[in-house]
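Given next are the chains, with one letter for each unit.
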Amino acid sequence: MIYKGTHLSENTIGYIDDQGNILDTQTAGENCSATPIEYDNSKESLEIIRHSTAHLMAQAITELYPNSQFFVGPVVDEGFYYDFRVDEQIGESDLKAIEKKMKELIKKKYKIEKYEISKSEAKDKFANDDLKLKVMERIDDDTLSIYKQGDFEDLCRGPHVPALRFLHNFKLTRVAGAYLGGDEKAEMLTRIYGIAFADKESLKAYLTMMEEAKKRDHRKLGAEMELFMFNEEAGAGLPFWMPKGAKLRYKLESILHKAHLTRGYEPVRGPEILKADLWRTSGHYACYGENMYLTTIDEQEYGIKPMNCLGHIQVFKQSPKSYRDLPLRYYEYGVVHRHEKSGVLHGLLRVREFTQDDAHIFCEPEQIAQEVLEVVEFVDSVMKLFGFEYTMEIATKPEKAIGEDAVWDMATQGLKDALEGNNLPYTIDEGGGAFYGPKIDIKITDAIGRKWQCGTIQVDFNLPQRFEVEYVAEDNTRKQPVMIHRAILGSFERFIGILTEHYAGEFPFFLAPTQVIFVPISDTFADYAYELKKALLLEGIDSEVYDKNDSLNKRIRNAEKQRVPYVVVVGEEEVTNRTVAIRDRRNKEQYNLTQDEFMVKLTKQLQEGKI
RNA sequence: GCCCAUAUGGCUCAGGGGUAGAGCACUUCCUUGGUAAGGAAGAGGUCGUGAGUUCAAGUCUCACUAUGGGCUCCA
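Nothing here was measured: the structure is a model prediction, and the numbers come from that model. (Residues numbered from 1 in each chain as written. Chains lettered and ligands numbered in written order. Predicted model: local features only at pLDDT ≥ 70, side-chain atom pairs only at ≥ 80, totals over all residues. Heavy atoms only, no water.)

Student: Looking at this structure, I do not really get the pattern of salt bridges. What am I missing?
Tutor: Opposite charge on two side chains lets them pair, provided their charged atoms get close. For the coordinates displayed, the defined rule picks out 30 salt bridges. The partner of E212 in a salt bridge is K215, and the shortest N-O contact between them spans 3.0 Å. Of this pair, E212 and K215 both sit in helix α6 (residues 200-215), 3 residues apart, which is roughly one turn of that helix. We classify E212 as partly exposed; its relative accessible area is 42%. A residue is classified by how much of its surface remains accessible, and K215, at 48% relative accessible area, is partly exposed. Residue E224 is joined to R563 by a salt bridge in which the shortest nitrogen-to-oxygen separation is 2.3 Å. (Salt bridge = Lys/Arg side-chain N within 4 Å of Asp/Glu carboxyl O. Helix = DSSP H or I, 4+ residues; strand = E, 2+ residues; numbered from the N terminus. Buried < 20%, exposed > 50% of the residue type's maximum accessible area, 1.4 Å probe, protein only.)

Student: Is there a simple way to think about the environment of A34 in this case?
Tutor: Within the secondary structure layout, A34 lies in the loop between α1 (25-28) and β3 (35-38). Take A34: its relative accessible area is 14%, and that puts it in the buried class. Spatially, the C-alpha atom of A34 lies 9.2 Å from that of G14, the residues being 20 residues apart in sequence.

Student: Which parts of the structure should I look at to understand the sheet that holds strand β9 (residues 152-155)?
Tutor: Hydrogen bonds along the backbone pair up the strands of a sheet, which may run parallel or antiparallel. Across the sheet, 3 strands lie side by side as β7-β8-β9; this open sheet has antiparallel pairing. The open sheet is flanked by β7 (113-118) and β9, the only strands paired with a single partner. Across the sheet, the mean angle separating the axes of adjacent strands is 25° when strand polarity is ignored. Relative to β9, strand β8 (residues 143-149) runs antiparallel, the two sharing 4 bridges. Within the sheet, the bridge partner assigned to I146 lies in β9 and is L155. (Pairing = 2+ DSSP bridges. Axes fitted to C-alpha atoms, helices over the stretch in contact; angles between N-to-C directions.)

Student: What exactly am I supposed to notice about the protein's contact with RNA strand B here?
Tutor: Taken together, 63 residues lie around RNA strand B, and L155, Y179, I521, N549 and R583 are the ones closest in. When the atoms of RNA strand B within 4 Å of the protein are sorted by group, sugar and phosphate make up 52%. Residue R219 places a side-chain N or O atom 2.8 Å away from a phosphate oxygen belonging to RNA strand B. With 7 residues, the top contributor of residues to the surface near RNA strand B is helix α17 (residues 552-561). Considering only residue class, the surface near RNA strand B consists of 26 nonpolar, 17 polar and 20 charged. (Near = heavy atom within 4 Å. Polar contact = N/O pair within 3.5 Å; in protein donor to acceptor, adjacent residues only side chain to side chain. Nonpolar A, V, L, I, M, F, W, Y, C, P; charged D, E, K, R; others polar.)

Student: What am I meant to see in the side chain of E364 here?
Tutor: You can see E364 is positioned in the loop between β19 (353-363) and α12 (368-386). In this structure, E364 is buried with no salt-bridge partner, the nearest side chain bearing the opposite charge being K479 at 5.7 Å. A distance of 3.0 Å separates the side chain of E364 from the side chain of Y471, its partner in a polar contact. Aside from chain neighbours lying at most four places away, what touches E364 is Y323, L326 and Y471. (Lys, Arg positive; Asp, Glu negative; His and termini not counted. Contact = heavy atoms within 4.5 Å.)

Student: Help me out: how do you make sense of the sheet that holds strand β26 (residues 482-487) in this one?
Tutor: Here we have 8 strands laid out as an open sheet, ordered β14-β18-β19-β26-β23-β22-β20-β21, and mixed in their pairing. Every interior strand has two partners, whereas the edge strands, β14 (265-267) and β21 (427-429), have only one. Across this sheet, the average inter-strand angle for adjacent strands is 30°, counted without regard to direction. Two strands pair when backbone bridges link them, and β14 and strand β18 (residues 328-337) are joined in this way by 3 bridges, in the parallel orientation. Among the inter-strand pairings, P267 is bridged to a residue of β18, identified as Y331. Running at roughly 155° to strand β20 (residues 390-395), helix α13 (residues 405-420) makes contact with β20, β21, β22 (439-445) and β23 (451-460) of the sheet. Packed onto the sheet, helix α15 (residues 492-502) meets β18, β19, β22 and β23 and runs at close to 115° relative to β19.

Student: Sorry if this is basic, but what is going on with the packing of α12 against α15 here?
Tutor: Any two packed helices are characterised by how steeply their axes cross, that is the angle between the axes, and by the distance between the axes. Running from N to C, α12 and α15 cross one another at 35°; their axes reach a closest spacing of 11 Å. Listed contacts from α15 to V382, M383 and F386 of α12 are F495, L499 and H502. Its residues assigned to classes, the contact of α12 with α15 comprises 5 nonpolar, 1 polar and no charged.

Student: In this structure, what is going on with unusual backbone geometry? I would like to understand it.
Tutor: In terms of backbone geometry, most residues other than glycine have negative phi values and most peptide bonds are trans. Residues G158 and P159 are joined by a peptide bond in cis, for which omega reads 0°. Mapping P159 onto the fold places it in the loop between β9 and β10 (169-179). Residue P327 is bonded to the preceding L326 through a cis peptide linkage, with omega at -5°. For P327, the position within the fold is in the loop between α11 (309-317) and β18. Of note, R578 is a non-glycine position whose phi angle comes to about 55°, a positive value. Take R578: it is sitting in the loop between α18 (572-577) and β30 (579-584).

Next comes the structure, spelled out in structure tokens:
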């Protein structure tokens, strides 16, 4: 509906024009003919509300910390933030005081007013504020707008709500440091993040959702379920796998092994450290050296591998290859070490030692599209098995890169063709490629909405050239193959971290570290439970027997808390009839099966992990 | 790496300048129970590491280590 000519509602906080631009009421004036934006939780409304809340926060900070200077305060996906410089140290505990001051300011019922000045006037006005001058450097327009509420005014593009009375339901969520302009070498400013909604219920729902997400954080679940651990004395970013986690990982590895073999991949394995000269030849020493761990043996420099390519290349080169051998697909669960910055380490999602499900496909240039497509299908079947939503992104040539532009263009086009030819949606990450070639990244979202790169498919014309990799073509000439680097999970560490959050610890039967817990009603029936456990083990199914000297109720409770697919109670009745009493946690059912039916059911469920 | 915060028995957490507490877990004993915590007793920490202030430091200061939240998204 288009409203014309009148300022219809008390609740109008802005307008959308024909081009989809948001105009606030200050800009639109009294008689605006564009579509009004009502005060609610629509995307446009929230943008205005959050932007104004950021300004309100800035005003509060100014009152509490008079020497503060402000940089930028935009609306982002998850709320808003403001970057500023302040003399005092601001910590999480100060957020409450800032919130309180914001509420006080609202009570003063300020209107939010707008006026415009020329850029030169603005430069005079903010001559003493180097941050504002920096902001202005980034703006091309000659006319700048200033928004004013009470004594506080700020250079701002808008849009804003008409008055502070629209700002009630907000929460400051965290305080952080942020480099000015995102530049690592620049000064670090203080950043406060917040969130705001049109009504109290939405804010509450958002905060509740964040709480729920935290409950499925893989770091919390990993400790609780005894999957993995870290150790201060061993060092940061170096995960240890505990028995339960190692079982889970082993199951995932087994599924993937079969999936590779049936798709024509062959297993290989390279050494953990290789001479530095090899890394010089590959370009890693120059382009990736700052992330590599180097060591010296017998006065000879070595590098611990951060990638597995070199090993696979050496295996390929060991014997002459024919065009008939191509495409040749080598895969390895390759352990790599990378010196990630200490501040970016994050549970299993970013570590310094991890294992990639890595493969290199050596093929002829004409085979690229087909091979990439097959990898994409492989990725899709793995993601489907676990029910993951994922996005694909083509990353192009970065600043630090080897190889000629023409070669880059050709490889990049090959990736696009493979996706477009099959109507697979993708986005472009300009300059996000590896130094040796463009790539397709597969990204999965974690429990709290952060996106992580998992799988990757990278076309590489450069390494075959650098290492003089060759095959004999049909016409008996020597040609250079193309290398496709690819990983489906990315790394077992990251993938298992995300899997844990995805399932909230309740892994599907074929992955669960413990698949069944037996609870014998009393000691007398424990033998039967151990007999069943052994039978399951022979089928590759892991189980535990809870026969500790605790009450039956307590053992059932403890078993249920383990997030295992099945808890099986056995007592006199079961022993006599050779049956089991199943508590199906996932389906919230209880039922009895004969021992045979039980075995058939479970072995059948194991098959669900096949791809 | 940089900014802010945190660091107490296996886990979750309380305490707070005068030499440490709780619950769960653990050990032993009683109990042998039919579907989410039976009972009793016991063991376990010198308060992340190092240095400093102090008559006295988990408790204050500094450094280090580890962990957590951030560090593209343009007034």
